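Take a look at the letters that make up each chain.
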Amino acid sequence: MKALEGVKILDFTHVQSGPTCTQLLAWFGADVLKVERPGVGDATRKQLVDVPGADSLYFTMLNHNKRSIELNSKNEVGKEVLTRLIEECDVMVENFAPGALDRMGFSWERIQEINPKMILASIKGFGPGKYQDCKVYENVAQCAGGSASTTGFLDGPPLVTGAQIGDSGTGLHLALGIVTALFHREKSGRGQKVTAAMQDGVLNLTRVKLRDQQRLEKGPLEEYSQFGEGIPFGEATPRAGNDSGGGQPGRILKCKGWEDDPNAYTYFITQAAVWEKVCDVIGEPEWKTKDGYAKPKDRLDKLNEIFARIEEWTMTKTKFEVMDICNPLDIPVGPILSMKEIAEDEGLYATGTLVKVPHPERGEYISVGCPIKLSDSSVEVERSPLLGEHTTEILQQVLGYDGENLARVVESGAVGDVKVAAE
Ligand code: COA
């Protein structure tokens, strides 16, 4: 039995933020019913298409283990079907533009009338306030949540990160809110509204930079490279390049082959506790006791020289050799892995973190499996549904529409081009 078996999710999500949330819930065993506009579906189905005529990887990699029902929620019969779905489900998840659900006629008040136990979970770009009505995408959230202003190099513009912290990050936050509300419902017997704003989610993940903002008001941030370089601080937390957020000096350094391979680099941390081992490894044993080098604080204005010397050493090794040498000594290092290297890592397939998924339209593709492992609730990744693949099945099995009733719903056009087998 899966952890969330028996939980029915009415999945009104689209694009990335909401789908990542409901995909996780599906992996934990929930029955996720994805509602999509007839003939159109989630816009990502046809975005960044690599196999003509097939659902894109953008869609397939975000919608595993779900069932798809085509339903026009603005059509009268469609509204009737949606009402029945709200009656039957435990959680409704949506990430429409602000106000879209109200415009459809399904306000929070109306949903509670239909099903007082329903948990309504929503992602919006911003929380209540002056930007509450904005439509928001990933990079907007990274910028508004404090990530972009603190990412990049001091002498360069703000940068967005490759990690989708605004979309997938907020999806994760929402999933936690949903299971918490389900747990609460066990005791209260009532549903509740769960909201996660993308700006808030990004800010939560950028928390250490707000820490630094407040420390900056008391004096310069001594662990930032710019302090050692004698560059004055401004009023706001600066971009810290590849400095580590935890205060231990760290840099990305070239490794053997860097001239041809853009990812032949390692992250290298000169953690105070292993300083002596670092000195031995790079061949500078006298730095262990030398004035100006022995104590962490005294090293701050010499970090460029120290990392240049470490880099001289890392450039004689591959990033994996650096890892093999430093790891047993507890010197924290990390190879910069390319997506190609990750996609070829057999160890990640063995744990289910990477999976190969067969698909009838596009053939086999690689996806990221469930990154959270439960010892009593294993995950079998199943391909994403084709548009409307389960419309009849959901109408019949979940909602009990049969015979004339089913024909009426189909004829109304509320559920798209559905063929119902003659009884
Ligand atoms: N049947 C009928 N109509 C449907 C429908 C269905 N099954 N599903 C969606 N629609 C309608 C909506 O009701 C809405 O109609 P309205 O504008 O008349 O109210 C319309 O489709 C478009 O929805 P919307 O959410 O505005 O899509 P969009 O493509 O214009 O905007 C986002 C996309 C992502 C910017 C927007 O949804 C948003 O800001 N979401 C919240 C933040 C978020 O999650 N952003 C990250 C996405 S990865």
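Residues numbered from 1 in each chain as written. Predicted model: local features only at pLDDT ≥ 70, side-chain atom pairs only at ≥ 80, totals over all residues. Heavy atoms only, no water.

Engineer: How do you make sense of the overall build of the protein chain when you look at a structure like this?
Structural biologist: When its secondary structure is counted, the protein chain shows 18 helices and 11 strands. Taken over the C-alpha atoms alone, the protein chain extends approximately 90 × 45 × 40 Å along its principal axes. Within the protein chain, the fraction of its 423 residues that count as buried is 46%. Nonlocal contacts in the protein chain, meaning residues at least 24 apart in sequence, comprise 65% of its contacts between residues at least 6 apart. When the accessible area of the protein chain is evaluated, it comes to approximately 21000 Å², of which 54% is carbon and sulfur surface. Mean positive and mean negative side-chain charge positions of the protein chain (47 and 62 charges, respectively) differ by 3 Å. (Helix = DSSP H or I, 4+ residues; strand = E, 2+ residues; numbered from the N terminus. Buried < 20%, exposed > 50% of the residue type's maximum accessible area, 1.4 Å probe, protein only. Contact = heavy atoms within 4.5 Å. Areas by Shrake-Rupley, 256 points an atom, 1.4 Å probe, with all protein chains shown as cover. Lys, Arg positive; Asp, Glu negative; His and termini not counted. Charge placed at Lys NZ, Arg CZ, Asp CG, Glu CD.)

Engineer: What is the right way to read the domain arrangement of the protein chain from this model?
Structural biologist: For interface size, the figure often reported is the accessible area lost on association. Split into domains, the protein chain comes out as domain 1 (8-205 + 344-411) and domain 2 (242-331). Once you take the C-alpha centre of each, domain 1 and domain 2 turn out to be 43 Å apart. (Domains from an automatic or database assignment.)

Engineer: So what exactly am I meant to see when it comes to the site of the ligand here?
Structural biologist: Around the ligand there are 23 residues in total, and K74, A97, R103, K135 and V136 lie nearest to it. Here L71 contributes a backbone N or O atom positioned 2.8 Å from a nitrogen atom of the ligand. One of the backbone nitrogen or oxygen atoms of V136 is found 2.6 Å away from a nitrogen atom of the ligand. For the ligand, the accessible surface in isolation is 940 Å², of which the surrounding protein chains cover 84%. Per-element accounting of the shell around the ligand gives the leading share, three residues, to helix α4 (residues 100-104). Classifying every residue of the shell around the ligand by side-chain character gives 10 nonpolar, seven polar and six charged. (Near = heavy atom within 4 Å. Polar contact = N/O pair within 3.5 Å; in protein donor to acceptor, adjacent residues only side chain to side chain. Nonpolar A, V, L, I, M, F, W, Y, C, P; charged D, E, K, R; others polar.)

Engineer: Would you mind showing me how to read the pattern of salt bridges here?
Structural biologist: Where charged atoms from two side chains of opposite charge come close, those side chains can pair. According to the stated counting rule, one finds 27 salt bridges in the structure shown. Here D55 makes a salt bridge to K46, at a shortest N to O gap of 3.5 Å. Accessibility expressed as a relative area gives 4% for D55, which makes it buried. By relative accessible area, which is 51% here, K46 ends up exposed. With a shortest N-O distance of 2.8 Å, D212 and R215 are connected by a salt bridge. Within this pair, D212 and its partner R215 are both found in helix α9 (residues 207-216), separated by three residues, close to a single helical turn. One salt-bridge network, in which partners are shared between bridges, spans E36, R45, K46 and D55. (Salt bridge = Lys/Arg side-chain N within 4 Å of Asp/Glu carboxyl O.)

Engineer: Looking at this structure, how should I read a positive patch on the surface?
Structural biologist: A grouping of R37, K74, R103 and K135 is seen on the molecular surface, where their side chains present a positively charged patch. Here K74 is to be found in the loop between β3 (66-70) and α3 (76-88). Judged by its relative accessible area of 64%, K74 falls in the exposed class. (Patch = residues over 30% accessible without salt bridge, like charges linked within 9 Å, V, L, I, M, F, W, Y side chains within 5 Å.)

Engineer: Just to check I follow, could you spell out empty space enclosed by the protein for this structure?
Structural biologist: Rolled over the atoms, a probe sized like a water molecule indicates the empty space that remains. Within the structure shown, the criterion is met by two cavities of 30 Å³ or more. Considering only enclosed or pocket space, the largest cavity measures out at about 40 Å³ in volume. Looking at the largest cavity, the residues that line it are E223, S225, D243, S244, G247, Q248, P249, G250, R251, L303 and F307. Mapped by element, the contributors of at least two residues to the lining of the largest cavity are β7 (250-254) and α13 (303-314). Here the residues of the lining of the largest cavity are counted per class, giving three nonpolar, five polar and three charged. (1 Å grid on protein atoms, 1.4 Å probe; cavity = no way out; pocket = protein on both sides within 12 Å on 5 of 7 lines; lining within 4 Å. Points joined across faces, edges and corners; volume = space filled by probe spheres on them.)

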